[in-house]
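# Architecture at a glance
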Amino acid sequence: MNTGSDEVAGSESAVAATGDGVKAEPALGSRAPAFIKARRALHVSWQVGVFVVGLAVVVAGVIMLPLPGPGWLVIFGGMAIWATEFVWAQLVLRWTKRKVTEATQRALDPAVRRRNIILTSVGLVIIAVLVGIYVWKFGFEMPWKIKE
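### Focus: the packing of aromatic side chains
One pass over the structure, following the stated rule, counts five aromatic pairs. With centroids separated by 6.3 Å and ring planes inclined at 85 degrees, the aromatic side chains of Phe51 and Phe86 adopt a geometry described as edge-to-face. Taken together, the residues Phe51 in helix α2 (residues 40-64) and Phe86 in the loop between α3 (71-83) and α4 (87-107) connect sequence positions 35 residues apart. Among the aromatic residues, those joined into a cluster by ring pairs are Phe51, Trp82, Phe86 and Trp88.

### With respect to the pattern of salt bridges
A full pass over the atoms with the stated rule returns one salt bridge. For the salt bridge of Lys99 with Glu102, the shortest nitrogen-to-oxygen distance reads 3.7 Å. Note that Lys99 and Glu102 are positioned in helix α4 at a spacing of three residues, about one turn of the helix. On the accessibility criterion, Glu102 (36% relative accessible area) is partly exposed.

### Here we look at α4
Here α4 spans 30 Å end to end across 21 residues, near enough to the 30 Å set by a 1.5 Å rise per residue. Here α4 has its buried residues at Val87, Ala89, Gln90, Leu93, Arg94 and Thr96. Those residues of α4 that are buried lie in contact with α3.

### What to know about the confidence of the model for the protein chain
Confidence in the prediction for the protein chain averages 80 pLDDT; 79% of positions are at 70 or higher. When mean pLDDT is taken per element in the protein chain, helix α5 (residues 110-138) scores highest with 92 and helix α1 (residues 34-37) scores lowest with 74. Throughout residues 7-17 the model reports pLDDT below 50, and contacts reaching past four residues in sequence, or to other chains, amount to 16 contacts.

### Side note on the nonpolar core
Membership of the largest hydrophobic core is limited to eight residues, which are Val50, Val58, Met79, Trp82, Ala83, Phe86, Ala89 and Leu93. Mapped by element, the contributors of at least two residues to this core are α2, α3 and α4. Examining the composition of this core, we find that three residues originate from one element, α3, more than from any other. Those residues in contact with Val50 that sit more than four places away from it in its chain are Ile81, Trp82, Thr84, Glu85 and Phe86.

### Remarks on the environment of Ala60
For Ala60, the position within the fold is in helix α2. According to the relative accessible area criterion, Ala60 is partly exposed, its value standing at 27%. With 15 residues separating them in the primary sequence, Ala60 and Ile75 have C-alpha atoms 7.7 Å apart.

Rules behind the numbers
- Residues numbered from 1 in each chain as written.
- Predicted model: local features only at pLDDT ≥ 70, side-chain atom pairs only at ≥ 80, totals over all residues.
- Heavy atoms only, no water.
- Phe/Tyr/Trp six-rings, centres within 6.5 Å; stacked < 30°, edge-to-face > 60°.
- Helix = DSSP H or I, 4+ residues; strand = E, 2+ residues; numbered from the N terminus.
- Salt bridge = Lys/Arg side-chain N within 4 Å of Asp/Glu carboxyl O.
- Buried < 20%, exposed > 50% of the residue type's maximum accessible area, 1.4 Å probe, protein only.
- Expected span 1.5 Å × (residues − 1).
- Contact = heavy atoms within 4.5 Å.
- pLDDT = per-residue confidence, 0-100.
- Core = buried A, V, L, I, M, F, W, Y, C linked by side-chain atoms within 4.5 Å.

In structure tokens:
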């Protein structure tokens, strides 16, 4: 069973600095302790345990999407658990971090912020007008108590 978790690109240091001062991403591969990696049966058992725990966390996050709770945060937490052992999860997590960083940079752009403020203001004005029309026509009655 090859899950790609034994592949290690470079040293196992957390983050190595490159020549131009930009920090490289951590090496891919299993982060299991060395004594676990040394024994194949123990390593596979470790991977199964990590997968089951990560799956439970992801399922809890999916359940929280329609229910109250931090669904997406829990799902990404489960992905982070998987990323401690599986290369595919590490790649998905890196891609997600890159996309979130790009979205953050776009949101901080002054033109985008100005557009968002204008759209929010227009939306609030429309809602205020609709609430004003409702109150003018029906007063402070709740919709289920209106007799017309």
